[in-house]
Amino acid sequence: TTNHLRHVESLATMPSGAGNIPHLNAIVLGEALAFEENDLIFPSDDFSRQAHVPSPLKYLEMYERSIEDPAGFWSDIASSFYWKQKWGQQVYLENLDVRKGDIRIEWFKGGITNICYNCLDSNVEAGLGDKIAFYWEGNEPGVDATLTYIQLLHNVCQLANYLKDIGVKKGDAVVVYLPMLMELPITMLACARIGAVHSVVFAGFSAESLAQRIVDCKPKVVITCNAVKRGSKVIHLKDIVDAALIESSESGVSIDVCLTYENQSAMKKESTKWKEERDVWWQDVIPKYPTTCAVEWVDAEDPLFLLYTSGSTGKPKGVVHTTGGYMVYTATTFKYAFDYKPSDIYWCTADCGWITGHSYVTYGPLLNGASAVIFEGAPNYPNPGRCWDIVDKYQVTIFYTAPTLVRSLMRDSDEYVTRYSRKSLRVLGSVGEPINPSAWRWFFNLVGDSKCPISDTWWQTETGGFMITPLPGAWPQKPGSATFPFFGVQAVIVDEKGVEIEGECSGYLCVKSSWPGAFRTLYGDHERYETTYFKPFPGYYFSGDGCSRDKDGYHWLTGRVDDVINVSGHRIGTAEVESALVSHPQCAEAAVVGVEHEVKGQGIYAFVTLVEGVPYSEELRKGLILNVRKQIGAFAAPDKVHWAPGLPKTRSGKIMRRILRKIASRQLDELGDTSTLADPNVVDQLIALADV
Ligand code: 6R9
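From a predicted model like this one, the values you see are computed outputs, not experimental measurements.

This part covers the overall build of the chain. Across its full length, the chain carries 23 helices and 31 strands. Compactness check: the chain gives a C-alpha radius of gyration of 25 Å against a globular reference of 26 Å for 692 residues, within 12% of the reference. Dimensions of the chain along its principal axes, counting C-alpha atoms only, are 70 × 65 × 60 Å. The buried share among the 692 residues of the chain stands at 63%.

Moving on to the site of the ligand. Around the ligand, 17 residues are found, and the nearest of them are Asp456, Thr457, Thr461, Asp545 and Arg571. The side chain of Thr461 places a nitrogen or oxygen atom 2.5 Å from an oxygen atom of the ligand. Between an oxygen atom of the ligand and a side-chain N or O atom of Asp545, the distance comes to 2.7 Å. Contact with the protein chains removes 97% of the 530 Å² of surface that the ligand exposes when unbound. Broken down by secondary-structure element, the contributors of at least two residues to the shell around the ligand are helix 14 (355–367) and strand 26 (555–560). Across the shell around the ligand, the residue classes tally to six nonpolar, six polar and five charged.

Spatial strand order, 12-11-8-6-7-14-15-24: eight strands in an open sheet with mixed pairing. Strands with a single pairing partner mark the edges of an open sheet, and in this sheet they are strand 12 (279–281) and strand 24 (521–522). When strand 7 (residues 197–200) meets strand 14 (residues 303–309), the two strands line up parallel, connected through two bridges. Of the residues in strand 14, the one forming a bridge with Ser199 is Leu306. Lying over the sheet, helix 9 (residues 183–194) contacts strand 6 (173–177), strand 7, strand 8 (221–225), strand 11 (257–261) and strand 14, oriented at roughly 155° with respect to strand 7.

Here we come to the side chain of Ser455. Within the secondary structure, Ser455 is located in strand 20 (residues 454–456). For Ser455, a relative accessible area of 0% corresponds to the buried category. Once residues lying within four places of it in the same chain are set aside, the contact partners of Ser455 are Ala337, Phe338, Val427, Leu428, Gly429, Ser430, Thr469, Pro470 and Pro472.

Moving on: the pairing of strand 8. The buried fraction of strand 8 amounts to five of the five residues, a majority that puts the element mostly inside the structure. Both faces of strand 8 are covered, namely the face carrying Val221, Ile223 and Cys225 and the face carrying Val222 and Thr224. Bridge count for strand 6 against strand 8 is four bridges, and the pairing is parallel. In the sheet register, Tyr177 faces strand 8, and the bridge partner there is Thr224. Summarising the sheet, strand 8 and strand 11 pair through five bridges and their orientation is parallel. By the bridge assignment, Cys225 is partnered in strand 11 with Tyr261.

Turning our attention to the sheet that holds strand 4 (residues 132–137). Taken together, the seven strands give an open sheet; going across it, the order is 5-4-17-16-18-19-20, and neighbouring strands pair in mixed fashion. Both edges of this open sheet fall to strand 5 (144–148) and strand 20, since each of them pairs with a single strand only. Across the sheet, the mean angle separating the axes of adjacent strands is 20° when strand polarity is ignored. Sheet topology note: the strand 4/strand 17 (residues 371–375) ladder contains four bridges and is parallel. Bridge assignment links Tyr135 to a residue of strand 17, and that residue is Val373.

Glycine aside, residues mostly have negative phi, and peptide bonds are mostly found in the trans state. With omega at -5°, the peptide bond leading from Tyr381 into Pro382 counts as cis. Structurally, Pro382 is set in the loop between strand 17 and helix 15 (386–394). The phi angle at Lys218 is positive, at roughly 45°, despite the residue not being glycine. Examined against the element boundaries, Lys218 turns out to sit in the loop between helix 10 (207–217) and strand 8. Phi at Gln395 is positive, roughly 55°, even though this residue is not glycine. Tracing the chain through its elements places Gln395 in the loop between helix 15 and strand 18 (398–401).

The next subject is the pattern of salt bridges. Across all of its chains, the model carries 43 salt bridges by this definition. Between Asp242 and Arg278 there is a salt bridge, with the nearest N and O atoms lying 2.8 Å from each other. Residue Asp242 is located in helix 11 (residues 237–250), and its partner Arg278 is located in the loop between strand 11 and strand 12; the two are separated by 36 residues in the primary sequence. The burial state of Asp242 is the same as that of Arg278; both residues are buried. Linking Asp344 and Arg426 is a salt bridge whose minimum nitrogen-to-oxygen distance equals 2.9 Å. Taken together, the residues span a long stretch of sequence, with Asp344 in the loop between helix 13 (324–337) and strand 16 (345–348) and Arg426 in the loop between helix 17 (415–418) and strand 19 (427–430) at a distance of 82 residues.

Our focus in this paragraph is helix 15. Burial runs high along helix 15: seven of the nine residues are buried. Buried residues of helix 15: Arg386, Cys387, Trp388, Ile390, Val391, Asp392 and Tyr394, and no others. Phi for Gln395, located one or two positions after helix 15, is positive at around 55°.

So, about the environment of Pro476. Mapped onto the elements, Pro476 comes out in the loop between strand 20 and strand 21 (491–494). A relative accessible area of 1% means that Pro476 is categorised as buried. Taking the C-alpha atoms as reference points, Pro476 and Phe42, 434 residues apart in sequence, are found 4.3 Å from one another.

Quick look at the packing of helix 6 (residues 70–78) against helix 13 now. Two elements in contact, helix 6 and helix 13, have axes separated by 10 Å at closest approach and are oriented at 85°. By the angle between their directions, the pair helix 6 and helix 13 is classed as roughly perpendicular. The residues of helix 13 that touch helix 6, namely those facing Trp74, Ile77 and Ala78, are Val328, Tyr329 and Thr332. A class-by-class count of the residues in the contact of helix 6 with helix 13 yields five nonpolar, one polar and no charged.

Time to look at the packing of aromatic side chains. One pass over the structure, following the stated rule, counts 62 aromatic pairs. Residues Tyr533 and Tyr541 carry aromatic rings whose centres are separated by 5.7 Å and whose planes lie at 20° to one another, so their mutual orientation is stacked. Accessibility expressed as a relative area gives 3% for Tyr533, which makes it buried. Among the residues examined, Tyr541 registers a relative accessible area of 1% and is labelled buried. Of the aromatic side chains, those joined through ring pairs into one cluster are Tyr59, Tyr63, Phe73, Trp74, Tyr329, Tyr336, Trp475, Phe484, Phe486, Phe487 and Tyr554. Just above the ring of Phe205 sits the side chain of Arg213; from NZ or CZ to the centre is 4.3 Å. The residue whose ring lies beneath Lys478 is Tyr554, and the NZ or CZ to ring-centre distance is 4.5 Å.

Conventions we followed
- Residues numbered from 1 in each chain as written.
- Predicted model: local features only at pLDDT ≥ 70, side-chain atom pairs only at ≥ 80, totals over all residues.
- Heavy atoms only, no water.
- Helix = DSSP H or I, 4+ residues; strand = E, 2+ residues; numbered from the N terminus.
- Rg over C-alpha atoms; globule rule 2.2 N^0.38 Å.
- Buried < 20%, exposed > 50% of the residue type's maximum accessible area, 1.4 Å probe, protein only.
- Near = heavy atom within 4 Å.
- Polar contact = N/O pair within 3.5 Å; in protein donor to acceptor, adjacent residues only side chain to side chain.
- Areas by Shrake-Rupley, 256 points an atom, 1.4 Å probe, with all protein chains shown as cover.
- Nonpolar A, V, L, I, M, F, W, Y, C, P; charged D, E, K, R; others polar.
- Pairing = 2+ DSSP bridges.
- Contact = heavy atoms within 4.5 Å.
- Axes fitted to C-alpha atoms, helices over the stretch in contact; angles between N-to-C directions.
- Salt bridge = Lys/Arg side-chain N within 4 Å of Asp/Glu carboxyl O.
- Parallel < 35°, antiparallel > 145°, perpendicular 65-115°, else oblique.
- Phe/Tyr/Trp six-rings, centres within 6.5 Å; stacked < 30°, edge-to-face > 60°.
- Lys NZ or Arg CZ within 6 Å of the ring centre and 35° of its normal.

Below, the structure is given as structure tokens:
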């Protein structure tokens with residue numbers, strides 16, 4: 001209660017200026033807090049006292065400045081990085097309003113820097129050369145390795161020199177298809193060092209998906225490894241790359257060099273299929289190169305990486321992030337949202353194939369000079385206690401993961417958690433999808449022994465870094481709420497007409513002004529960028545998520561409002577799955593919806609109409625699912641295929657997904673109005689086939 005009182009006191013002494021932020025008014029009232037007391041979980045006094053942001057008051061002070069004077073706020077922070085040359089007069093430039101012309105966002109333009117230099121050289125110069133940058137934990141317990149900052153720098157420089165040697169230049173794309181080996185962040189950093197643009201493809205994507213990305217960005221080189229062991233399964237990554245390269249060359253994009261790391265613990269060199277004129281073993285060439293490499297200085301607005309993500313329609317979008325703003329933003333969000341201190345040991349379970357691995361395995365931690373754990377394996381191998389074993393082994397203090405992992409571990413005996421000490425933990429984090437309150441409480445009470453604040457970070461591939469997140473120590477928490485916007489983020493909720501709504505409400509989550517980590521375009525398709533994100537609600541960036549705000553101003557994310565399904569925190573477009581299904585010769589039509597899933601958050605539910613005369617069969621069901629695995633990846637495989645003699649369509653031919661969602665979740669008494677359907681009978685037919 002002492003801490004509770006302290007919070008309420010600090011709120012009561014709030015300067016009147018705080019009232020300028022309308023949606024924060026509620027929290028300013030100590031009354032509101034007291035009323036909600038039962039739902040609030042307060043950080044301990046000890047935690048708050050040592051935190052970067054120890055109180056709501058401090059948050060408000062910083063938040064207000066970030067909104068009133070973004071240029072001053074962010075350039076003060078940016079000044080602590082190394083810039084070869086300072087940015088120009090204008091700290092940022094933005095137009096988020098399609099009615100006023102092209103969408104344009106720039107931060108620190110004219111500033112010359114290099115993010116790899118700021119991650120490595122700067123830290124080495126500051127005396128952190130012998131600090132561990134990465135603790136690597138292999139799939140098998142007992143297999144591990146470390147790299148200090150100086151060793152990491154040397155490794156990065158060797159690869160950077162090789163890439164330069166084979167002709168990779170500033171602005172060239174490099175496709176990376178690697179599992180969680182240290183070579184993955186090494187590759188990202190080597191690209192950044194020479195100004196090349198990395199495009200990491202999650203090593204769970206299929207050959208076809210990889211080929212599609214290669215064809216889109218036309219890399220100079222593809223970097224992979226021969227195989228990886230995840231749990232007890234060996235996955236032959238090089239075979240997948242080989243298949244992808246055949247496919248991409250058929251589309252006119254041929255790759256001269258495929259640099260392949262020999263991942264000895266999974267597969268020996270000798271058993272790897274090899275194409276002499278194209279393939280190069282990493283271990284044969286990289287160690288021969290010098291361990292220093294001059295930095296390619298780039299403009300803050302030069303591209304740093306491309307990362308493909310799924311949308312509600314069409315093919316995956318190449319999200320483009322640039323250098324300067326992304327650097328400043330990932331470093332700052334990492335520091336505040338995790339209350340990072342130099343003595344922390346940080347572990348994020350995300351794969352570098354997703355944005356979380358970019359911003360919060362590689363760049364954010366290294367920019368802060370942190371020691372981070374990288375884990376190659378599966379979190380429940382050899383048993384569901386593995387994560388806590390790793391936490392104890394490395395004395396992890398900050399543990400950042402996804403709700404799907406929490407939910408899957410919750411199903412096993414608590415004893416898998418309690419047999420480990422976990423005493424080192426002080427901050428927990430969650431990302432990828434809304435965390436349901438019961439998972440939140442299990443994570444908080446059991447894993448964190450009721451003493452670690454949970455940073456439930458809401459953000460997206462597009463946003464580059466955290467947008468709405470608790471600052472541990474500052475806020476009392478509500479299980480399942482991502483709380484308040486990060487500094488500089490003007491999060492707003494709009495109604496279907498695009499009108500901002502205040503106070504307690506729910507609607508579409510938008511952002512009103514730019515922030516340094518925002519994506520700048522979609523690769524090769526600025527028009528799609530504008531159409532997808534800025535046209536739905538003119539004047540705003542539209543996130544695609546629904547959100548409600550409670551009377552205390554806390555934000556509650558409610559999931560995607562478009563046709564994107566979130567499976568275990570992975571974004572999957574319904575259109576992509578549908579197109580994989582209909583490419584099966586016996587499939588006439590398919591409609592895919594998300595359905596609640598106990599562990600994955602959402603599962604994929606596919607309605608499939610077969611070609612006239614083709615009978616339903618188990619074999620065909622498997623064949624359809626296999627098509628999706630082959631064209632996208634195993635993680636996108638439908639959980640359920642529902643045979644559909646027809647699909648519910650309007651007279652103009654539009655599929656009514658609302659009805660399909662209700663059928664998929666068996667809410668049959670909530671089908672709503674079906675009278676506008678071209679053929680209302682299809683609904684009964686579908687219901688009759690639900691369990692076939
Ligand atoms: C970082 C990342 C983005 C989508 C996003 C939203 C969902 C992510 C969340 C969350 C509720 C959170 N999402 N974090 N929803 N609470 N803390 O996951 O990026 O793969 O692009 O997915 O994930 O729906 O729109 P990305």
